[in-house]
Amino acid sequence: MSAATNVLVIDAGNTSVKFTAFNGGKLLWVVADALDVLESDFVPDAVYFASVRSKDESIVEVEKVKEAFSNCAWLELSSESQACGVTNAYFEPVRLGVDRWLGVIVAHHLYKGDVVIVDAGTAIKVDLVSRDGKHLGGYIVPGLSMMEKALLSNTARIRYSASEVVAGEGLPNSTARAVTEGCHEMALGFLERIYRNYSDSQWVVTGGDGRTLLDLLKIPLDSQPNLVALGAKLVGDELMRGKE
């Protein structure tokens, strides 16, 4: 089976599901609602599905799409020991989140040299891949929102309303600023420490908070908001060609 022409990539993350349409090598659109997919004129030849959610977790949006396009090829992507010229650093490859794996693979193909990939969403994930395609490993720490929620859920008196989260100068002088700016500083310190060790690598960022954090550190970077979808397209196409 040859690689499909029209491909729909479904990226089921921790907090949202993204649908990305490709025609050949061209990215057509990205939406976050299955209804938008079903109401479009786009009909996929294949669907590549990548999820970091548990197998027991129902994803209603995905089931709607699967029912609508039941006649096309459907590939569920997972982390492997090797794919598209990249070797996984994990002793148990499947335990590397598929979103991280796909990001590492496509970053290697896009930049060729040593690459640091930062994905800052629900969690802040950092992975490194060498110029010869070896995934070197990486880190996972709580994202900004997760850090704030951890403080609020595990303390009795750290409380503030959304209206209290305002910008200020100097050291924080309110609980709201102490928490939000403190979490921000923790994330910045984490990334700054990695940059000291890997400043010669190409840095690529994806995820909602990543660009903001790295810009504050003045780290030279390239932004790739659709990194996981691009990686899924690369891996899925290789799997489709392998079925020939």
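Presented here is an overview of the structure given in this document. (Residues numbered from 1 in each chain as written. Predicted model: local features only at pLDDT ≥ 70, side-chain atom pairs only at ≥ 80, totals over all residues. Heavy atoms only, no water.)

**Section: the side chain of S201**
To keep it simple, the criterion reads: Here a strand is any run of E in DSSP of at least two residues, a helix any run of H or I of at least four, and the numbering for each starts at the N terminus. For each residue, the accessible area found with a 1.4 Å probe, counting protein chains only, is set against the maximum for its type, and the residue is called buried under 20%, exposed over 50%, and partly exposed in between. Working rule for contacts: check all heavy atoms of both residues, and any pair within 4.5 Å makes them a contact.
Within the fold, S201 resides in the loop between α5 (175–197) and β11 (202–206). Judged by relative accessible area, which is 15%, S201 ranks as buried. Apart from residues lying up to four places away in sequence, S201 is in contact with D114, V115 and V116.

**Considerations on the sheet that holds strand β4 (residues 46–51)**
Note the threshold: Pairing between strands requires that DSSP locate at least two bridges from one strand to the other. Axes here mean lines fitted to C-alpha atoms, for a helix over just the part in contact, with angles spanning 0 to 180 degrees between N-to-C directions.
Spatially, β3-β2-β1-β4-β5 is the arrangement adopted by the 5 strands of the open sheet, whose pairing is mixed. Each edge of the open sheet is held by one strand with a lone partner, namely β3 (26–31) and β5 (73–76). Along the sheet, successive strands turn relative to each other by an average axial angle of 20 degrees, direction set aside. Two elements, strand β1 (residues 6–12) and β4, share 6 bridges in a ladder whose sense is parallel. Its bridge partner being in β4, V7 is matched across the sheet by A46.

**Points about the pairing of strand β9 (residues 123–129)**
Counting buried residues along β9, 7 of its 7 residues qualify, which places the element largely inside the surrounding structure. Neither face of β9 is open: one carries A123, K125, D127 and V129, the other I124, V126 and L128, and all of them are buried. Of the pairings in the sheet, the one linking strand β8 (residues 115–120) to β9 comprises 6 bridges and is antiparallel in character. When the bridges of β9 are listed, A120 appears paired with I124. Counting the residues between successive antiparallel strands, the hairpin from β8 to β9 contains 2 residues. As paired elements, β9 and strand β10 (residues 135–142) share 7 bridges and run antiparallel to each other. Paired with V126 across the bridge in β10 is Y139.

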